[in-house]
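Residues per chain, in single letters:
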Amino acid sequence: MSKKLGLPEPNIEIQRNILEKTELNYALTTEDKTLVSGKPDSLKNGELADSKGKIWAIVSLSAALLAVSLAAIFIRLSEREISPNATVFNRLWIATVVFGLWNGAGAARRRMSGAQVEGRSSYTRQDVMLLTAVGVVSSASLGFWAWSLTQTNVANSTVLRNLTPLFTTLGGWLLLGRRFDNRFLVGLAVALSGAIAIGMEDLQTAGDTLVGDIAALLSAMFYAGNLLIAEHLRTKFPATTILMWRCFIGSILVLPLVLLAGDRIFPYSWQGWLAVIGLAVICQAFGQGLLIHSLGRLSSGFVALFLLLEPLITAIIAGVLFAESLSLFNWLAFSVVLAGIYLAKSSSSADKK
């Protein structure tokens, strides 16, 4: 064709090579821009969001710690008028009402705003069994702890109950097949050594406090089971749903014990009512709600370890209200607990996988 028109014959191969090189350079340039500008930004955004999530989880856990630290104080005040079992019953049924109202208000607010409710699968048989189990073990933990506070002092009972991390870690290893790195285990050992040192004096003197110390230790074992089950349930249910079930089932289980013992069920003064209401709303609803919420981001082992700070706050408040002073040795032991928690938090095992 080009020969007939008198035009020079083009070099088709050269043009084809030039075209291919041009397309290749364009593709490589576009890919480089994507790699340089897009992917690192998305990674940075993801890391930033994850970091913010961990920070908020720690903030929630800290607020929960402050709230639950008041539990021993409210229990001691309540037990001036009613028995330990009646105290647990009032704590649970009032908290059940609070969580029921909260869930109902949330559902009504979503319906009024027309927001789409995130679909959840129906309750399976395993869900019902686990929700029932969390109610049983948490009620047992509360019952043993409330009883221990009638047999030993506030600081010692709280410290022994907060040996929970030991049982939580063992339970996670034996039952769930979890593995913990060396830094977390060292932090656990350091924190527990400080906690044990605080209660060592009462354990050595034994006498009339030994029964209360054993009850507090049993409470720690049941509380560890509560955290492990709640962590599993948290992957499917919100914290308020878990806690509503837990409080409802617990109140049903404890009421027969109160009736069979012939104990007074309700407080008779406004001070007694303030104690059980504060126990239910501040400690159970607010404190435990934030604690279960933090299990969505943090492992149950670290949450239990962080709660070892509870005796420090409780002991300070008890020292003001009940004149239960702390010695220099106690303060040194608390510093050891803090050091252990710091080591454990810097471990990857503290974050929920």
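Residues numbered from 1 in each chain as written. Predicted model: local features only at pLDDT ≥ 70, side-chain atom pairs only at ≥ 80, totals over all residues. Heavy atoms only, no water.

## Structural notes on the overall build of the chain
Stage number 1. Per the secondary structure count, the chain includes 14 helices and zero strands.
Stage number 2. When the helices and strands of the chain are listed from N to C terminus, the series reads α-α-α-α-α-α-α-α-α-α-α-α-α-α.
Stage number 3. Counting only residues that meet the buried cut, the chain has 44% of its 353 residues in that class.
Stage number 4. Contacts in the chain between residues at least 24 apart in sequence constitute 88% of all its contacts with a sequence separation of at least 6.
Stage number 5. Total accessible area computed for the chain in this model is approximately 18600 Å², and 67% of it derives from carbon and sulfur atoms. (Helix = DSSP H or I, 4+ residues; strand = E, 2+ residues; numbered from the N terminus. Buried < 20%, exposed > 50% of the residue type's maximum accessible area, 1.4 Å probe, protein only. Contact = heavy atoms within 4.5 Å. Areas by Shrake-Rupley, 256 points an atom, 1.4 Å probe, with all protein chains shown as cover.)

## Notes on the nonpolar core
Stage number 1. Leu 233, Leu 291, Ile 292 and Ile 341 are the most contacted members of the largest nonpolar core, which has 65 residues in total.
Stage number 2. Beyond its immediate stretch of four places on either side in the chain, Leu 233 contacts Asp 127, Leu 130, Leu 131, Val 134 and Ile 242. (Core = buried A, V, L, I, M, F, W, Y, C linked by side-chain atoms within 4.5 Å.)

## Details of the packing of helix α7 (residues 164-174) against helix α9 (residues 210-233)
For any two helices packed against each other, one specifies the crossing angle of their axes together with the interaxial distance.
Stage number 1. One can describe the packing of α7 onto α9 by two numbers: an axis separation of 8 Å at closest approach and a directional angle of 45°. On the basis of their axis angle, the class for α7 and α9 is oblique. As for how α7 packs across α9, the hand of that crossing is right-handed. Touching Thr 164, Phe 167, Thr 168, Gly 171 and Gly 172 of α7 are Leu 217, Ala 220, Met 221, Tyr 223, Ala 224, Leu 227 and Leu 228, all from α9.
Stage number 2. Here the residues of the contact of α7 with α9 sort into eight nonpolar, four polar and no charged. (Axes fitted to C-alpha atoms, helices over the stretch in contact; angles between N-to-C directions. Parallel < 35°, antiparallel > 145°, perpendicular 65-115°, else oblique. Left-handed = near helix turned anticlockwise from the far one by under 90°. Nonpolar A, V, L, I, M, F, W, Y, C, P; charged D, E, K, R; others polar.)

## Here's the deal with the packing of aromatic side chains
Stage number 1. Applying the stated criterion across every chain, the model contains two aromatic pairs.
Stage number 2. Between Phe 266 and Trp 273, the aromatic rings sit 5.9 Å apart at their centres with planes inclined by 20°, giving stacked as the arrangement. (Phe/Tyr/Trp six-rings, centres within 6.5 Å; stacked < 30°, edge-to-face > 60°.)

## Comments concerning a nonpolar patch on the surface
Stage number 1. On the surface, a cluster of nonpolar side chains totalling about 540 Å² of accessible area is made up of Leu 166, Leu 170, Trp 173, Leu 174 and Leu 175.
Stage number 2. Of note, Leu 175 is situated in the loop between α7 and α8 (182-205).
Stage number 3. On the basis of relative accessibility, which here comes to 70%, the residue Leu 175 falls in the exposed class. (Patch = residues over 30% accessible without salt bridge, like charges linked within 9 Å, V, L, I, M, F, W, Y side chains within 5 Å. Salt bridge = Lys/Arg side-chain N within 4 Å of Asp/Glu carboxyl O.)

## Notes on α7
Stage number 1. Along α7, the residues classified as buried are Thr 164, Pro 165, Thr 168, Thr 169, Gly 171 and Gly 172. Projected down its long axis, α7 carries its buried residues within an arc of 165°, all on one side. (Arc of directions from axis to C-beta.)

## A few points about the environment of Ser 138
Stage number 1. Note that Ser 138 resides in helix α5 (residues 125-148).
Stage number 2. The class for Ser 138 is buried, based on a relative accessible area of 6%.
Stage number 3. With 88 residues separating them in the primary sequence, Ser 138 and Asn 226 have C-alpha atoms 5.6 Å apart.
Stage number 4. Those residues in contact with Ser 138, other than ones at most four positions away along the chain, are Asn 226 and Arg 246.
Stage number 5. A polar atom in the side chain of Ser 138 sits 3.2 Å from the backbone oxygen of Gly 135. (Polar contact = N/O pair within 3.5 Å; in protein donor to acceptor, adjacent residues only side chain to side chain.)

## With respect to the packing of helix α3 (residues 71-78) against helix α11 (residues 270-294)
Stage number 1. Where α3 meets α11, the axes come as close as 8 Å, and the angle between the chain directions of the two elements is 160°. Taken as axis vectors, α3 and α11 run roughly antiparallel relative to one another. In this structure, the crossing between α3 and α11 has a hand that is left-handed. Contacts between α3 and α11 pair Ala 71, Phe 74, Ile 75, Leu 77 and Ser 78 from the former with Ala 275, Val 276, Gly 278, Leu 279, Ile 282 and Cys 283 from the latter.
Stage number 2. Each residue belonging to the contact of α3 with α11 can be placed in one class, and the counts come to nine nonpolar, two polar and no charged.

## A short note on empty space enclosed by the protein
Any empty space left between atoms is shown by rolling a water-sized probe over those atoms.
Stage number 1. Counted by the stated rule, this structure contains one cavity of 30 Å³ or more.
Stage number 2. One number sums up the size of the largest cavity: a volume of about 130 Å³.
Stage number 3. Around the largest cavity, the lining comprises 17 residues; the ones closest to its centre are Arg 91, Leu 142, Arg 161, Tyr 223 and Gln 288.
Stage number 4. At the level of secondary structure, the elements contributing two or more residues to the lining of the largest cavity comprise α5, α9 and α11.
Stage number 5. For the lining of the largest cavity, the per-class residue count stands at eight nonpolar, five polar and four charged. (1 Å grid on protein atoms, 1.4 Å probe; cavity = no way out; pocket = protein on both sides within 12 Å on 5 of 7 lines; lining within 4 Å. Points joined across faces, edges and corners; volume = space filled by probe spheres on them.)

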